[in-house]
Every structure is written in C-alpha cells, then in structure tokens.
Amino acid sequence: MTQMRDGLFTRFEYYDLDRMGDAVARYDELRSASRSPDNAATRASDAVSHLVRHGDIDHLADRFHPDAIVADHARLGQGAGGRRDFVYFMRSWREVWNEGEADHGGPVAIRGDRLALMEYRFGTEGGWSIDRLAVVETDENDLITYLNFYDPDDRQLALAELDERFEQGGRR
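Take the overall build of the protein next. Secondary structure assignment for the protein yields 4 helices and 8 strands. For the protein, the α and β elements follow one another from N to C terminus as β-β-α-α-β-β-α-β-β-β-β-α. Residues classed as buried in the protein amount to 40% of the 172 residues present. The long-range share in the protein, meaning contacts at least 24 apart out of those at least 6 apart in sequence, stands at 50%. Just so you have it, the protein exposes about 9800 Å², and 49% of that area is on carbon and sulfur atoms.

Okay, here's the thing in structure tokens:
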C-alpha cells in the first residue's frame, strides 16, 4: 500500500497476499485518519467504494435513487444510463477482472451539502488501473441521484459542471 502527497510517496506498507484483509483494514484506518471535509455526496461515494471494494455489488443499487442518472463523459466511457446500468457495468467488470477494485482519493471539491467532485481509481490486482473524476449529487435521503465521470485531464470541465449544478440548486 502506498500513500502520496503532492505527487511524492509518503508511505509504503507491504502485505503478503494472504493478508489482504489486514491490508484493507489498514487502508480504511489510514483513510479515516486523513479524511478531508465531507458532505452527503462524499459519504455516499465512500459507501459505494466500500461496497465495490468488498465485492458487495448486490447492495450497490441501494445507494442510488431509482431515477438516478449515471453518465460517463470520459474518452473510453460507457455513455449514459441509470442505476441499473451502473450496477450491471460494475458486476460485469468485477466478473471479468475477478477482484477488481474501485476507490477514490477523496473529494476534489465540495459544493453545499449534496454535491462533490471526487477522484476515483478503478483497478485490478494485476496492476491495470484507470483514473476518473466524478461529479456526485445526492438527494435528501443521501441517495446518489447523479453521477458523471470525466477523465482526470478534464478537471476544469468537471468543476464547471459541479458549479453549474450548485448554482441551479442541484438536480437539473
């Protein structure tokens, strides 16, 4: 496990493959100790990452509003869909990559109580990974109503969408 700050490695911890549970517990411990400010969107994002990381895809839909919009504006993205499409994609991805993981580096920006721009990393134990930014919006029940992925180099576009959604009072 590695930890970085300002592009430099600040921590290396090694675990044998048979101690994966210890590594995940240590990661969760370090993550909670270094948490940034949060809101409902960051907490919902944490919950989704936790479910995917632990392979609990069956409960993933519970974190999304039934009419949630899930979009992917990344160059190799999946297009647009809803809650069911996102769960299907994550289930397929985990089946293909076996122990695929999704995690996030935390919030890039927070707007109000229900909007955040998050950093995500999707990867495999084999070392393949892809980074994404995501605009996340939640409702009054802390369910994700909107999730839109961007490539990391489209940060300004993602921030512009986050600001626009905030100025419009949330869901369009």
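Past the structure itself, the notes keep going.
Our next topic: the nonpolar core. One finds L60, F64, F86, V136 and L147 to be the most contacted residues of the largest nonpolar core, which totals 23 residues. Breaking this core down by element, the ones donating at least two residues are α2 (40-53), β3 (64-72), α3 (83-97), β6 (115-123), β7 (129-138) and β8 (144-150). The dominant element in this core, judged by the number of residues it contributes, is α2, at 5 residues. Among the nonpolar cores identified, the runner-up in size contains 10 residues, and A109, L117, A158 and L159 belong to it.

A full pass over the atoms with the stated rule returns 1 aromatic pair. For the pair Y120 and F149, a centre-to-centre distance of 5.8 Å together with 65 degrees between the ring planes defines the contact as edge-to-face. Within this pair, whereas Y120 is found in strand β6, its partner F149 is found in strand β8, the two being separated by 29 residues in sequence. Positioned above the aromatic ring of Y146 is the side chain of R165, whose terminal nitrogen or guanidinium carbon lies 3.6 Å from the ring centre.

The next thing to look at is the side chain of E137. Relative to the helices and strands, E137 is located in strand β7. Take E137: its relative accessible area is 3%, and that puts it in the buried class. Engagement of the side chain of E137 in a polar contact is seen with the side chain of R165, the distance being 2.7 Å.

What follows deals with the environment of A74. Secondary-structure assignment places A74 in the loop between β3 and β4 (79-82). By relative accessible area, which is 8% here, A74 ends up buried. Expressed as a C-alpha distance, the spacing of A74 and P152, which sit 78 residues apart in the sequence, is 8.7 Å.

This paragraph deals with the pairing of β8. Burial analysis of β8 places 7 of its 7 residues in the buried class, which makes it a mostly covered element. Two elements, β3 and β8, share 5 bridges in a ladder whose sense is parallel. By the bridge assignment, D72 is partnered in β8 with F149. Alignment of β7 against β8, held across 6 bridges, turns out to be antiparallel. Bridge pairing links A134 to F149 in β8. Taking the residues that link successive antiparallel strands as the turn, the β7-β8 hairpin has 5 residues, and the phi of D142 there is positive, at about 65 degrees.

With that out of the way, let us pick up the environment of D113. As for its position among the elements, D113 is in the loop between β5 (101-111) and β6. Assessed through its relative accessible area of 59%, D113 is described here as exposed. As a C-alpha pair, D113 and T42 span 71 residues in sequence and 9.5 Å in three-dimensional space.

Taking 1.5 Å of rise per residue, the 13 residues of helix α4 (residues 155-167) would be expected to cover 18 Å, and the 18 Å separating its terminal C-alpha atoms lies within 8% of that figure. Turning to α4, its buried residues are A158, L159, E161, L162 and R165. Axial view of α4: buried residues confined to an arc of 160 degrees, hence all on one face. Along α4, exposed side chains directed more than 90 degrees from the buried face belong to Q156, L157 and E167. Within two residues after α4, G169 carries a phi angle of roughly 80 degrees, on the positive side.

Conventions adopted
- Residues numbered from 1 in each chain as written.
- Predicted model: local features only at pLDDT ≥ 70, side-chain atom pairs only at ≥ 80, totals over all residues.
- Heavy atoms only, no water.
- Helix = DSSP H or I, 4+ residues; strand = E, 2+ residues; numbered from the N terminus.
- Buried < 20%, exposed > 50% of the residue type's maximum accessible area, 1.4 Å probe, protein only.
- Contact = heavy atoms within 4.5 Å.
- Areas by Shrake-Rupley, 256 points an atom, 1.4 Å probe, with all protein chains shown as cover.
- Core = buried A, V, L, I, M, F, W, Y, C linked by side-chain atoms within 4.5 Å.
- Phe/Tyr/Trp six-rings, centres within 6.5 Å; stacked < 30°, edge-to-face > 60°.
- Lys NZ or Arg CZ within 6 Å of the ring centre and 35° of its normal.
- Polar contact = N/O pair within 3.5 Å; in protein donor to acceptor, adjacent residues only side chain to side chain.
- Pairing = 2+ DSSP bridges.
- Expected span 1.5 Å × (residues − 1).
- Arc of directions from axis to C-beta.

Any link to function would need more than the numbers given here.
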